[in-house]
Amino acid sequence: MTRDDDGAAHDGDAGVPGSLARVLGDVAAERAAQDAKWGMQTVPDGTGAEGAVAEADRARLETEEAARRGELTWRHILREEVLEAFAESEPEALRTELIQVAAVAVKWAQALDRRPEDTGKPPSGPGETVPKAVEEADAKTVAAAGEADAKTVGSPRPDAAGEAVGEPRPERFRAIVDVHVMLVRDGTVLLGKRAGTGYGDGRWHLPSGHLEPGESVVGAAVREAREEVGVTIRPEDLEFAHVMHRAPDRVGLFFVARKWTGEPYNAEPHKCAALAWRPLGQLPDDTIGYPAAAIARVLEKEPFALYGWTPER
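Definitions and limits used
- Residues numbered from 1 in each chain as written.
- Predicted model: local features only at pLDDT ≥ 70, side-chain atom pairs only at ≥ 80, totals over all residues.
- Heavy atoms only, no water.
- Helix = DSSP H or I, 4+ residues; strand = E, 2+ residues; numbered from the N terminus.
- Contact = heavy atoms within 4.5 Å.
- Core = buried A, V, L, I, M, F, W, Y, C linked by side-chain atoms within 4.5 Å.
- Buried < 20%, exposed > 50% of the residue type's maximum accessible area, 1.4 Å probe, protein only.
- Expected span 1.5 Å × (residues − 1).
- Axes fitted to C-alpha atoms, helices over the stretch in contact; angles between N-to-C directions.
- Parallel < 35°, antiparallel > 145°, perpendicular 65-115°, else oblique.
- Left-handed = near helix turned anticlockwise from the far one by under 90°.
- Nonpolar A, V, L, I, M, F, W, Y, C, P; charged D, E, K, R; others polar.
- Polar contact = N/O pair within 3.5 Å; in protein donor to acceptor, adjacent residues only side chain to side chain.
- pLDDT = per-residue confidence, 0-100.
- Phe/Tyr/Trp six-rings, centres within 6.5 Å; stacked < 30°, edge-to-face > 60°.

Undergrad: Give me the environment of Trp 277: which residues, what numbers.
TA: Considering the arrangement of structural elements, one finds Trp 277 in strand E9 (residues 272-279). Residues Trp 277 and Arg 185, 92 residues apart in the sequence, show an inter-C-alpha distance of 8.3 Å. Aside from chain neighbours lying at most four places away, what touches Trp 277 is Leu 183, Val 184, Arg 185, Thr 188, Val 189, Leu 190, Trp 260 and Pro 264.

Written as structure tokens, this is what we have:
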């Protein structure tokens, strides 16, 4: 089990000991029941139909838009994963997508298990307790939901007594934040060649990913390095180097690490075709544009840049 700088555990249990084992046990029991009823079924996949890729792309865009608006739901996430699986016809790629579908479904089930039965109240019967971490998470969720409701277009602002007054408040812009980790060794930086992700496949990129709800950017950088290249970085060994505002709604934070535990390896072969150390000043021509631009700014010690915007007049 590992922990981020904020103490959050990443053992699959989401702060509730035994949570993952419980859900996987339920899945195994359901599988056994299906086998008992239907046997081992051998039927065609039925995937890769015409238009399936476009449908998966639409689902991905809907998910990203919902996240931007602060309205992301489990339905968005699972639907995107399912449609991406439906778009695959090659068995190995299809299997990878199905594993991702199953993982999201398990995580959703865990989220359901963490919720108090009576909304807004933890269970209070004999022997029924909610771990402190779950209570805090639920409180944050309720608070965030209330804030989001107050910002929704068409929702009047409540006064101190809870009554609606004034004009509707316009929805605030929400940026998508991603973090990037530059592992630097002897004048070289570690890059990964993306594969099977639907974005930048076949091109080089830094270990990176989106900031998750309730996560600090430092915690996200530590997590992404661990998940993608298998190394452990202490938060104090991360040096903030650059922020890039990419049109129209992305903010990328770039961190440099020169110390870590473990030798980097390809920990996500379903998303990465290869890892390579490349000179900081001589990146491959097929490096994705914005990380290449950010690395150049880091070398120049420039803390901020715009990318993809029309020049201001």
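Undergrad: Outline the nonpolar core, supporting the account with residue identities and numerical values.
TA: By size, the foremost hydrophobic cluster in this structure holds 20 residues, and its most contacted members are Met 182, Val 189, Leu 206 and Met 244. The greatest single-element share of this core, amounting to five residues, is contributed by helix H7 (residues 289-299). Excluding its chain neighbours within four sequence positions, the residues that come into contact with Leu 206 are His 180, Val 181, Met 182, Val 189, Leu 190, Leu 191, Glu 228, Phe 254, Pro 291 and Ile 295.

Undergrad: I'd like a rundown of helix H1 (residues 19-38), residues and numbers included.
TA: One turn of the α-helix equals 3.6 residues, which is why residues spaced by three or four share an orientation. With 20 residues, H1 should cover 28 Å at 1.5 Å per step; its first-to-last C-alpha distance of 29 Å lies within 8% of that length. Count one or two residues on from H1 and you reach Gly 39, which has phi positive near 75°.

Undergrad: Hey, could you go over the packing of H1 against helix H4 (residues 91-114) for me, with residue numbers and the actual values?
TA: At their nearest, the axes of H1 and H4 sit 10 Å apart, and the two run at 120° to each other. Considering their axes alone, H1 and H4 lie oblique with respect to each other. Between H1 and H4 lies a crossing whose hand is right-handed. Along the contact surface, H1 presents Ser 19, Leu 20, Arg 22, Val 23, Leu 24 and Val 27, while H4 presents Val 106, Ala 109, Gln 110 and Asp 113. For the contact of H1 with H4, the class distribution of residues is six nonpolar, two polar and two charged.

Undergrad: Tell me about H4, and name the residues and values.
TA: With 24 residues, H4 extends 35 Å between its outermost C-alpha atoms, agreeing within 8% with the 34 Å of an ideal straight helix rising 1.5 Å per residue. Of all the residues in H4, the buried ones are Leu 94, Glu 97, Gln 100, Val 101, Val 104, Val 106, Gln 110 and Ala 111. For H4, the capping residue at the N-terminal end is Glu 90, with a side-chain oxygen 3.1 Å from the backbone nitrogen of Glu 92.

Undergrad: Outline the confidence of the model for the protein, listing residues and values.
TA: Taken as a whole, the protein shows an average pLDDT of 82; of its residues, 79% reach a score of 70 or greater. Low pLDDT (under 50) marks residues 1-9, which in the prediction has 20 contacts with non-local residues, meaning those over four places away or in another chain. Low pLDDT (under 50) marks residues 118-163, which in the prediction has 41 contacts with non-local residues, meaning those over four places away or in another chain.

Undergrad: Provide a residue-level description of the environment of Arg 60, including the pertinent values.
TA: Relative to the elements of secondary structure, Arg 60 occurs in helix H2 (residues 52-69). With a relative accessible area of 18%, Arg 60 lands in the buried category. Taking the C-alpha atoms as reference points, Arg 60 and His 76, 16 residues apart in sequence, are found 8.4 Å from one another. Apart from residues no more than four positions distant in its own chain, Arg 60 is found in contact with Glu 80 and Glu 84. A distance of 2.7 Å separates polar atoms of two side chains, one belonging to Arg 60 and the other to Asp 57.

Undergrad: Can you break down the packing of helix H3 (residues 74-86) against H4 residue by residue, with the values?
TA: At a minimum axis distance of 8 Å, the contact between H3 and H4 shows a crossing angle of 165°. The angle between the axes of H3 and H4 places the two elements in the roughly antiparallel class. As H3 packs across H4, the resulting crossing turns out to be left-handed. Where H3 approaches H4, its residues Trp 74, Arg 75, Ile 77, Leu 78, Glu 81, Val 82, Glu 84 and Ala 85 are matched on the opposing element by Leu 94, Glu 97, Leu 98, Gln 100, Val 101, Val 104, Ala 105, Lys 107, Trp 108 and Ala 111. For the contact of H3 with H4, the class distribution of residues is twelve nonpolar, one polar and five charged.

Undergrad: Can you explain the packing of aromatic side chains? Please cite residues and give values.
TA: Tallying each qualifying case throughout the model produces four aromatic pairs. Centre to centre, the rings of Trp 74 and Trp 108 are 6.3 Å apart; their planes meet at 15°, and the pair counts as stacked. You can see Trp 74 sitting in helix H3 and its partner Trp 108 sitting in helix H4, a full 34 residues away along the chain. A residue is classified by how much of its surface remains accessible, and Trp 74, at 24% relative accessible area, is partly exposed.

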